[in-house]
Amino acid sequence: MPESAVITDAAVAVSGEEVHRDHAVVVDGGTIAWRGPQDEIPDQWSGLGRWSAEGRLVTPGLVDCHTHLLFGGDRRAEFAERAAGSGTYRDQLAGAASGVRATVSATGATGDDELLAAARRRAGWLIRSGVTTLEVKTGYGLEPDAELRLLRLCHRLREELPVRVRITLLAGHVYPDGVDRDDEEQTAEWITTLCKDLLPAAREIGVDAVEVYLDEDGGFTLDDASTVLETAYKTKTPTRLQTDHLSDSAGASLAPAFYAKAAAHLNFPDEAALSSMAKSGTTAVALPGSVLELGESDRPDIGALRAAGVPVAIATGLNPGTSPLGSLPLAAHLGVVLLGMTPAEAYAGVTVHAARALGLADGTGTVDVGAPADLAFWDADDPSEVIYWAGAPLLHSVWAGGREVEVSREFVQ
Ligand SMILES: N=CN[C@@H](CCC(=O)O)C(=O)O
């Protein structure tokens, strides 16, 4: 597929509620150059080849703004354990050989090529659900050398995948073996290592953002998270935060302090922090897959986020523990069913708001003129139908940068 073409017979979704039928989209050099009624295509594009969408719904390619898809092994045994009632995620997270630490060991024991193949396979699931931009984070290394290895692999993934990849250094996930969360001397020494060794080395390799997982129930402490984010912020590296996931950790207040692009989870709402987040331009990232998986009643307060004017993105949060979820439209469906978002809000959550969470201001997540020609074609009537049919394979094809992406299984094998 050329990077320049006129797409005709399209039902173009300009929002979750507005679909323009019998429209055309002109793609020129990988970006959207024009869109409008197909009987009004300007003459200047008459030389371009035509490609009929055959009446299909055309949306922007979806944006998955939060994934942990680079890891070794899986945690099916823990999943079965939870289902059998013989352990909770919290117990597993606290264990020395389970939870995040189990994945850290498995990742360390897996070779680069195998890790990349597994990550490509998972990225393929997302692409086959309509995703053309995805975030991938480190975080299953913990020690600086292991984190830097994962960061380099994120860059290889970016080179290998046919869609856009945004890279986050999850500098603080859980404390590594040998660092007791309750021992201030040990944690202080560890934070110094992260700030003095890991962050500068990661900057050399290249990161789009630095993130910390702050949670009183197993994640970083407020003070430690604050130190890491402040260090990143001072070097003008965009920051992100995951907080208030398993416990009320008062973490949301850190997002505005460092103009975080994204604050994920937020299961214990703090209204004062929400209004500051609106001012600092932070996007809330809802991870309904994790809400589903843990089966807990704590969840983000969409009404309070709406009232505070904080845009809400939805992501798969794809990870082996709390969100083994490989479809972004299904995550959007869960955003409606579990969190009380409207289908139109959920659609904005996986398009324009997700792009905002990634700091992308080039029109990603829209079908506006000037935006990258990242498009998804659906056998569906409108965006709400894409979200309504939970897990149904409604995707027909995807284009990234004006090129059709091969979504067959072979692409990821
Ligand atoms: N960063 C926090 N924890 C992940 C889960 C990671 C795991 O269990 O492997 C989360 O977002 O839910």
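Residues numbered from 1 in each chain as written. Predicted model: local features only at pLDDT ≥ 70, side-chain atom pairs only at ≥ 80, totals over all residues. Heavy atoms only, no water.

Looking at an unreviewed UniProt entry, the protein carries the name Imidazolonepropionase, with the source organism given as Pseudonocardia endophytica.

**Digging into the overall build of the protein**
Stated precisely, the cut-off is as follows: Labels follow the DSSP assignment, with helices taken as runs of H or I lasting at least four residues and strands as runs of E lasting at least two, numbered in each case from the N terminus. We compute the radius of gyration over the C-alpha atoms and compare it with the globule rule, which gives 2.2 Å times the number of residues raised to the power 0.38. Burial classification: accessible surface area is computed with a 1.4 Å probe over protein chains only, and a residue below 20% of its type maximum counts as buried, one above 50% as exposed, and the rest as partly exposed. We call two residues contacting when some pair of their heavy atoms lies within 4.5 Å.
Along the backbone of the protein there are 15 helices and 16 strands. Here the C-alpha radius of gyration of the protein, 21 Å, is about what a compact globule of 413 residues would show, namely 22 Å. C-alpha extents for the protein along the principal axes are approximately 70 × 45 × 45 Å. Relative to its 413 residues, the protein shows a buried fraction of 56%. Put simply, of all contacts in the protein between residues at least 6 apart along the chain, 70% involve residues at least 24 apart.

**Describing the pattern of salt bridges**
Applied cut-off: Salt bridges are counted wherever a side-chain nitrogen of Lys or Arg sits within 4 Å of a carboxyl oxygen of Asp or Glu.
Scanning all chains against the criterion turns up 24 salt bridges. For Glu 211, the salt bridge is made with Lys 137, and the minimal N-O distance between the two is 2.9 Å. Within this pair, whereas Glu 211 is found in strand β9 (residues 209-214), its partner Lys 137 is found in strand β7 (residues 131-137), the two being separated by 74 residues in sequence. On the basis of relative accessible area, Lys 137 is assigned to the buried category, the value being 0%. Among the ionic pairs, Asp 208 bridges to Arg 166, the shortest N-O distance being 3.8 Å. A residue pair is termed long-range when its members are at least 10 positions apart, and Asp 208 in the loop between α6 (184-205) and β9 and Arg 166 in strand β8 (residues 164-172) qualify at 42 residues. Sharing partners across several salt bridges, the network here consists of Glu 135, Lys 137, Glu 211 and Arg 240.

**Structural notes on the domain arrangement of the protein**
The parts lose accessible area when they come together, and the size of an interface is often stated as this lost area. To keep it simple, the criterion reads: Boundary definitions for the domains trace back to an automatic or database domain assignment. Accessible area that two parts lose when put together, evaluated with a 1.4 Å probe and summed over both, is termed the buried area.
In terms of domains, the protein is made up of domain 1 (5-60 + 367-405) and domain 2 (63-358). Centre-to-centre separation of domain 1 and domain 2, based on C-alpha positions: 31 Å. Of the residues lining the interface, 23 residues belong to domain 1; the matching set on domain 2 comes to 19 residues. Approximately 1400 Å² of surface area, both sides summed, lies buried where domain 1 meets domain 2, with 74% of it carried by carbon and sulfur atoms.

**A look at unusual backbone geometry**
Even without glycine at this site, Asp 22 takes up a positive phi of about 55°. When you line up the elements, Asp 22 lands in strand β2 (residues 19-28). A relative accessible area of 53% places Asp 22 in the exposed class. Positioned with a positive phi, Leu 142 is a non-glycine residue whose angle comes to about 70°.

**A few points about the environment of Tyr 259**
Here Tyr 259 lies in the loop between α8 (254-257) and β11 (262-265). Taking the C-alpha atoms as reference points, Tyr 259 and Ser 280, separated by 21 residues in sequence, lie 5.3 Å from one another. Filtering out sequence-adjacent residues up to four positions away, Tyr 259 remains in contact with Tyr 233, Thr 239, Ser 280 and Thr 282.

**Digging into the side chain of Asn 267**
Going by this rule: Between N or O atoms, a polar contact is any pair within 3.5 Å; within protein, one atom must be a potential hydrogen donor and the other a potential acceptor, and residues adjacent in sequence are included only when both atoms are from side chains.
Note on placement: Asn 267 falls in the loop between β11 and α9 (271-280). One polar contact links the side chain of Asn 267 to the main-chain carbonyl oxygen of His 245, over a distance of 3.1 Å. Asn 267 has contacts with Thr 243, Asp 244, His 245, Val 291, Asp 298, Arg 299 and Pro 300, leaving out every residue within four places of it along the chain.

**A look at the packing of aromatic side chains**
How two aromatic rings sit relative to each other is set out by the distance from centre to centre and by the angle between their planes. Put simply, the test is: Here a Phe, Tyr or Trp ring, Trp counted by its six-membered ring, pairs with any other such ring whose centre lies within 6.5 Å, and the pair is stacked when the planes are under 30 degrees apart, edge-to-face when over 60, and tilted otherwise.
Taken as a whole and judged by the stated rule, the model has 8 aromatic pairs. Between Tyr 175 and Phe 220, the aromatic rings sit 4.3 Å apart at their centres with planes inclined by 5°, giving stacked as the arrangement. You can see Tyr 175 sitting in the loop between β8 and α6 and its partner Phe 220 sitting in the loop between β9 and α7 (222-234), a full 45 residues away along the chain. Phe 220 gets classed as buried once you look at its relative accessible area, which sits at 0%. Taken together, Trp 51, Phe 377 and Trp 399 form an aromatic cluster joined through their ring pairs.

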